[in-house]
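# Commentary on secondary and tertiary structure
Below, each chain spelled out in residue letters.
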Amino acid sequence: MIDRMNLPRSTTSAAILVDLGIEHGMTLAQCLRGSGITPAELEDPRAEIRARQELHVVRNLVTALDSVPGLGLHAGQRYHLSSHGIWAFAVISSPTVRHAWRAGVDYMDIAYSFGRWRFDEHNGGGAAAIIDYSGVPDDLRTFLLERDIAELITVDREVFGAPVSPDIVELSCPAPQYADMFTELIGIEPVFDAPVTRIAMTDEILDLPMPQANPHAALLAEQQASEIMQRRRDRQGIAARVRAALLTHGVTASQDEIATALRLSVRTLRRRLDAEDTSFRELATETRQLLAEELLTIGTTVEDVAQRLGYADASSFTHAFTRWTGTTPGRFARTRR
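None of these values were measured; they are calculated from a predicted model. Each chain has its residues counted from 1, following the order in which its sequence is written. Reporting in this predicted model follows two pLDDT cut-offs: at least 70 for local features of residues, and 80 or more for side-chain atom pairs to be given and counted; totals over whole chains, interfaces and linings ignore these cut-offs and use all residues. Computation of side-chain values covers all heavy atoms of the structure but excludes hydrogens and water.

The subject of this paragraph is helix α7 (residues 97-106). Taken across its 10 residues, α7 has 7 buried, putting it largely inside the fold. Think of it in three bands: with a 1.4 Å probe and only protein chains considered, a residue is buried below 20% of the maximum accessible area for its type, exposed above 50%, and partly exposed in between. Only runs of H or I of at least four residues qualify as helices and only runs of E of at least two qualify as strands under DSSP, and these elements are numbered from the N terminus. Of the residues making up α7, those classed as buried are V97, R98, A100, W101, A103, G104 and V105.

As structure tokens, then:
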């Protein structure tokens with residue numbers, strides 16, 4: 001499975017958080033402490049950091065400013081369309097709200113959320129964006145959830161000129177004393193203490209045309225977003241060689257076989273992978289996921305993908321794929337058509 005905390009991302013989001021911290025009395029050094037981010041990187045729009053580095057900045061703010069009500073909501077309202085680069089362009093040039101949600105979720109790895117997103121369309125009509133924050137530290141979940149919700153509303157206002165209220169909003173956090181801030185921001189009263197964060201929309205909303213719809217621009221933007229996402233997911237060093245060998249020799253190849261192909265001892269391979277903060281097992285799983293996504297995207301059946309990846313049956317593969325991505329292979333394939 002892809003280590004999302006190790007994925008590169010723009011420093012734009014970290015810079016927004018640092019500005020928030022400074023406005024609340026923190027120093028630049030306090031905001032960046034322990035993150036490994038330099039002031040020069042914050043000022044360079046081309047610079048990239050790891051997601052875990054930004055998360056360290058989040059922790060610094062949450063620790064120092066825990067008395068500020070709705071700190072994450074305040075943070076999220078600072079994220080405008082211009083903060084999101086090609087991701088925002090792919091969203092706003094989509095033909096409909098439904099397509100915009102699909103694009104936004106598909107390319108979320110080049111945005112700034114730490115949650116794991118999926119977009120579920122219902123057979124009876126409507127759809128829901130579901131965000132799972134179980135992969136982030138408990139003490140930071142509320143801030144990150146607040147930031148995502150406020151960011152969505154802020155972008156929504158900029159696209160339509162006014163907020164388009166969802167049908168239902170369920171939040172996987174306890175109701176805070178400032179719960180009215182959520183209601184005022186979202187436009188409806190949310191449900192707190194839900195198992196996952198869920199934003200449900202009716203077909204009436206989903207089928208609305210996007211004000212800046214442009215099919216040609218949307219296609220180009222999605223292609224660029226896909227290329228950026230793939231580049232950020234790409235491994236370097238010995239990890240890249242291992243993944244390439246797995247693609248050549250098959251994802252069912254053993255560590256001994258891959259070490260032999262790379263003319264290394266198993267012990268040396270393990271040591272070098274450990275130095276890059278990964279393992280053969282992680283790379284094999286990651287390669288399986290990427291290959292599965294590619295095969296499903298081009299129309300390969302679930303049964304054939306399961307066989308090619310070495311699973312005993314389609315059920316075993318479906319269980320693994322759902323664990324990796326939070327959605328089933330069938331649903332994933334339908335969203336790519």
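Turning to the sheet that holds strand β6 (residues 197-201), a few remarks are in order. Neighbouring strands of a sheet are bound in pairs by backbone hydrogen bonds; such pairs are parallel or else antiparallel. Whether two strands pair comes down to DSSP finding at least two bridges between them. Pairing is antiparallel in the open sheet, where 4 strands are placed in the order β3-β4-β6-β5. One side of each edge strand has no neighbouring strand; the edge strands of this open sheet are β3 (116-121) and β5 (168-170). Each neighbouring strand pair of the sheet contributes to a mean axis angle of 10°, computed without reference to strand direction. Note that β3 and strand β4 (residues 127-132) share 6 bridges and pair antiparallel. For W117, the partnering residue across the bridge sits in β4 and is I131. Axis definition: a line fitted to C-alpha atoms, limited for helices to the stretch in contact. Angles are taken between N-to-C directions and run from 0 to 180 degrees.

What follows covers the pattern of salt bridges. Salt bridges are counted wherever a side-chain nitrogen of Lys or Arg sits within 4 Å of a carboxyl oxygen of Asp or Glu. A complete count under the given rule lists 16 salt bridges for this structure. When the shortest N-O distance is used, the salt bridge between R59 and D139 registers 2.5 Å. Linking R59 in helix α4 (residues 51-64) with D139 in the loop between β4 and α8 (141-160), this pair joins segments that are 80 residues apart in sequence. A salt bridge links R98 to D207, with the nearest nitrogen and oxygen atoms 2.9 Å apart. One end of the pair, R98, is in helix α7; the other, D207, is in the loop between α10 (203-206) and α11 (215-233), and 109 residues separate them in sequence. Overall, R98 belongs to the buried group, its relative accessible area being 13%. Taken together, the shared-partner salt bridges connect R98, R102, E121, D203 and D207 into one network.

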